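# Close look at the chain arrangement
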Amino acid sequence: QVQLVESGGGSVQAGGSLRLSCAASGRLISINDMGWYRQAPGKQRELVADITSGGSGNYLDSVQGRFTISRDNAKNTVYLQMNSLKPEDTAVYFCAADIWNPTIFSVSRYWGQGTQVTVSS
């Protein structure tokens, strides 16, 4: 079994910062891409940022320059540093990881339980 456990959400005022962490545990044969998604009330889930196993990051245009994704492969952990937060960043943030699944001999996507980020104006 694979588990993704997120931490670091909370409430901040506009302009503030938060750092999200997501640790993968269980049968981790190989972790490929890891990433962060978010879902605001009444909206679809969207990709915020993702990062390859080699460390190449990709960002949603609206967070480019404010958010930084990173990972520690030795700890099987991905981070999202969020600076200059805006009220429109308010959402539930989900961690995702693409991990080799020997049961199906392919890669499966696993999700964390989500962590709330609330930015007040």
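Reference entry: report on the structure contained in this document. (Residues numbered from 1 in each chain as written. Predicted model: local features only at pLDDT ≥ 70, side-chain atom pairs only at ≥ 80, totals over all residues. Heavy atoms only, no water.)

With that settled, the discussion passes to the sheet that holds strand S1 (residues 2-7). Across the sheet, 4 strands lie side by side as S1-S3-S8-S7; this open sheet has antiparallel pairing. Pairing within the sheet leaves two strands with one partner each, and these edge strands are S1 and strand S7 (67-72). The sheet shows a mean angle of 15° between the axes of neighbouring strands, taken without regard to direction. Note: S7 against strand S8 (residues 77-82), 6 bridges, orientation antiparallel. Among the inter-strand pairings, Ile69 is bridged to a residue of S8, identified as Leu80. (Pairing = 2+ DSSP bridges. Helix = DSSP H or I, 4+ residues; strand = E, 2+ residues; numbered from the N terminus. Axes fitted to C-alpha atoms, helices over the stretch in contact; angles between N-to-C directions.)

As a further point, take the packing of aromatic side chains. All told, the structure shown has 2 aromatic pairs when counted by the stated rule. Both rings, one in Tyr37 and one in Trp111, keep their centres 4.9 Å apart while their planes meet at 65°; by these two values the pair is edge-to-face. Linking Tyr37 in strand S4 (residues 31-39) with Trp111 in strand S10 (residues 106-111), this pair joins segments that are 74 residues apart in sequence. Residue Trp111 is classed as partly exposed on the basis of its relative accessible area of 36%. A centroid spacing of 5.2 Å and a plane angle of 75° characterise the contact between Trp100 and Phe105, whose relative ring orientation is edge-to-face. (Phe/Tyr/Trp six-rings, centres within 6.5 Å; stacked < 30°, edge-to-face > 60°. Buried < 20%, exposed > 50% of the residue type's maximum accessible area, 1.4 Å probe, protein only.)

Turning next to the environment of Arg45. Here Arg45 lies in the loop between S4 and strand S5 (46-51). Residue class for Arg45 comes out partly exposed when judged on its relative accessible area of 36%. Considering only alpha carbons, one finds Arg45 and Tyr93, 48 residues apart in sequence, at a separation of 9.1 Å. When sequence neighbours within four positions are dropped, the list of residues in contact with Arg45 reads Tyr37, Arg38, Gln39, Phe94 and Trp111. (Contact = heavy atoms within 4.5 Å.)

Keep in mind these numbers describe shape, not what the thing actually does.
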